[in-house]
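Structural description and commentary
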Amino acid sequence: QLQAVQSGAEVKTPGASVKVSCKPSGYRFTDYGISWFRLAPGQGLEWMGFISTYSDEANYAQKFHDRIGLTADTDTSTVYLELRSLTSDDTAVYFCARGGGSRPLFDSWGQGTLVTVAS
Amino acid sequence: QSALTQPASVSGSPGHSITVSCVGTSSDIGQYDFVSWYQYHPDKAPQLLLYDVSHRPSGISTRFSGSKSGNTASLTISGLQSEDEAYYFCCSYAADNTFVLGNGTRVSV
């Protein structure tokens, strides 16, 4: 059974960084890459970036490229999203999903992690 | 990269059909047959409904169908049911291994 478990809600102050984890299961970790999305209040789903769990190569949406980092730990089969220099605009639910690369086929999603940025 | 354009809301009666449009550009929807659709119930994980414009993953009802013409992709839900009340997002490949999504459509039954 495919699933992905994400870490719990976070509250951060402006200027801080946040790190969200995603642990997929039900398949071999290195067979599929992981993409990250976010859903902000009143906004649509937004694709943030993708990491190949096989090669550790990542690519990012231009909007985030200077303050985002995606990493994959094959020992623990966990993927991490780090977002730096947070502002209130980064308040959103963050999702990980299996898939990406050259095709928008995201077939297994995490439950979402609420990140709140407030002073 | 600008978001794809979806209507904010669409409504229909039980048993009827509705269509949700997703308008992009010649750089995304118009250039690639890589469009997918997702159903999202708040506080749940999004679910893949369609990929590669019109292909359904196993387990997805045949009531969901997709098509594309030019820069516009469409999702049709036939035989509307109360459980179809949700948000629907389209997603397109947009070159250089990046993706663009729509702002989402709230479907009311």
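Right, let's walk through the structure included here. (Residues numbered from 1 in each chain as written. Chains lettered and ligands numbered in written order. Predicted model: local features only at pLDDT ≥ 70, side-chain atom pairs only at ≥ 80, totals over all residues. Heavy atoms only, no water.)

Looking at the interface of chain B and chain A
Which entries qualify depends on this criterion: Every residue pair with non-hydrogen atoms within 4.5 Å of one another is taken to be in contact. By convention, the term buried area covers the 1.4 Å-probe accessible surface removed from two parts as they join, with the contributions of both added. Salt-bridge detection follows one rule: a side-chain nitrogen of Lys or Arg within 4 Å of a carboxyl oxygen of Asp or Glu. Within 3.5 Å is the distance limit for a polar contact, defined as a pair of N or O atoms, with the added protein rule that one can donate a hydrogen and the other accept it, and that residues adjacent in sequence qualify only through two side-chain atoms. In this text, helices come from DSSP runs of H or I with a minimum length of four residues, and strands from runs of E with a minimum of two, each type numbered from the N-terminal end. By the convention adopted, Pro, Cys, Tyr, Trp, Phe, Met, Ile, Leu, Val and Ala count as nonpolar, Lys, Arg, Asp and Glu as charged, and the other residues, Gly among them, as polar.
Across the boundary between the two partners, chain B contributes 22 residues, which contact 19 residues of chain A. Looking at the side of chain B facing chain A, the largest losses of area belong to P46, F99 and L101 of chain B, adding up to 32% of the total buried there. Put simply, chain B and chain A have one salt bridge between them. For the salt bridge of D52 of chain B with R103 of chain A, the shortest nitrogen-to-oxygen distance reads 2.4 Å. At the surface where chain B touches chain A, the tally comes to five residue pairs in polar contact (both at pLDDT 80 or more). Every element with two or more residues in the side of chain B that touches chain A is listed here: β3 (35–40), β7 (86–93) and β8 (99–101) of chain B. Considering only residue class, the side of chain B that touches chain A consists of 13 nonpolar, six polar and three charged.

With respect to the sheet that holds strand β6 (residues 72–77) of chain B
All names here are of chain B. Note the following rule: One bridge is not enough; two strands pair if DSSP finds at least two bridges between them. As a rule, the C-alpha atoms of each element are fitted with a line to give its axis, helices using only the stretch in contact, and angles between N-to-C directions run from 0 to 180 degrees.
If you walk across this open sheet you meet the three strands as β2-β6-β5, and the pairing is antiparallel. The open sheet has two edge strands with one neighbour each: β2 (18–23) and β5 (64–69). Strand-to-strand, the axes of this sheet are offset by a mean angle of 20°, without reference to chain direction. Pairing geometry for β5 and β6, over six bridges, is antiparallel. By the bridge assignment, S67 is partnered in β6 with S74.

Quick look at unusual backbone geometry
Residue and element names in this part refer to chain B. Positive phi values are uncommon outside glycine, yet D52 reaches one of about 45°. Mapped onto the elements, D52 comes out in the loop between β4 (47–50) and β5. The phi dihedral of D96 falls on the positive side, at around 55°, and the residue is not glycine. Within the secondary structure, D96 sits in the loop between β7 and β8.

A word on the state of the cysteines
Two cysteines, two sulfur atoms, one covalent bond between them: this is a disulfide. The cut-off we apply is this: Throughout, a disulfide means two cysteine sulfur atoms within 2.5 Å of one another. Think of it in three bands: with a 1.4 Å probe and only protein chains considered, a residue is buried below 20% of the maximum accessible area for its type, exposed above 50%, and partly exposed in between.
On inspection of all chains with the given rule, the structure shows two disulfides over all chains. Across a sulfur-sulfur distance of 2.1 Å, C22 of chain A and C96 of chain A are joined as a disulfide pair. Across the S-S bond of C22 of chain A and C96 of chain A the torsion is about 75°, and the bridge reads as right-handed. Of this pair, C22 of chain A sits in strand β3 (residues 18–25) while C96 of chain A sits in strand β9 (residues 92–100); the two residues are 74 residues apart in sequence, bridging distant segments of the chain. Each of the two residues, C22 of chain A as well as C96 of chain A, counts as buried. Disulfide partner of C22 of chain B: C90 of chain B, at an S-S distance of 2.0 Å. The S-S bond linking C22 of chain B to C90 of chain B shows a torsion near 80°; that makes this disulfide right-handed.

Comments concerning the pairing of strand β10 (residues 103–109) of chain A
The buried fraction of β10 of chain A amounts to five of the seven residues, a majority that puts the element mostly inside the structure. In this structure, the hairpin formed by β9 of chain A and β10 of chain A is closed by a connection of two residues, where G101 of chain A is found at a positive phi of approximately 80°.

Let's talk about the sheet that holds β3 of chain A
All names here are of chain A. One open sheet accounts for four strands, arranged β1-β3-β8-β7; its pairing is antiparallel. The open sheet has two edge strands, β1 (3–6) and β7 (68–73), and neither has a second partner. Taking each pair of neighbouring strands and ignoring which way they run, the sheet shows an average axis angle of 20°. Inspection of the sheet shows β7 paired to strand β8 (residues 78–83) by six bridges, in the antiparallel sense. When the bridges of β8 are listed, D73 appears paired with T78.

Remarks on the packing of aromatic side chains
The description of two aromatic rings rests on the distance between their centres and on the angle between their planes. To keep it simple, the criterion reads: Within 6.5 Å between ring centres, the rings of Phe, Tyr and Trp (the latter by its six-membered ring) count as paired, and their orientation is classed by plane angle as stacked under 30 degrees, edge-to-face over 60, tilted in between.
Enumeration over the complete set of coordinates arrives at 13 aromatic pairs over all chains. Centre to centre, the rings of W47 of chain A and F99 of chain B are 5.3 Å apart; their planes meet at 80°, and the pair counts as edge-to-face. Of the two residues, W47 of chain A is situated in strand β5 (residues 45–51) and F99 of chain B in strand β8; the pairing between them involves two chains. This pair shows no difference in class: W47 of chain A is buried, exactly as F99 of chain B is. Their ring planes at 70° and their centres at 5.5 Å tell us that W109 of chain A and Y38 of chain B sit as a pair that is edge-to-face. Placement of W109 of chain A in strand β10 and of Y38 of chain B in strand β3 is noted, with the two residues assigned to different chains.

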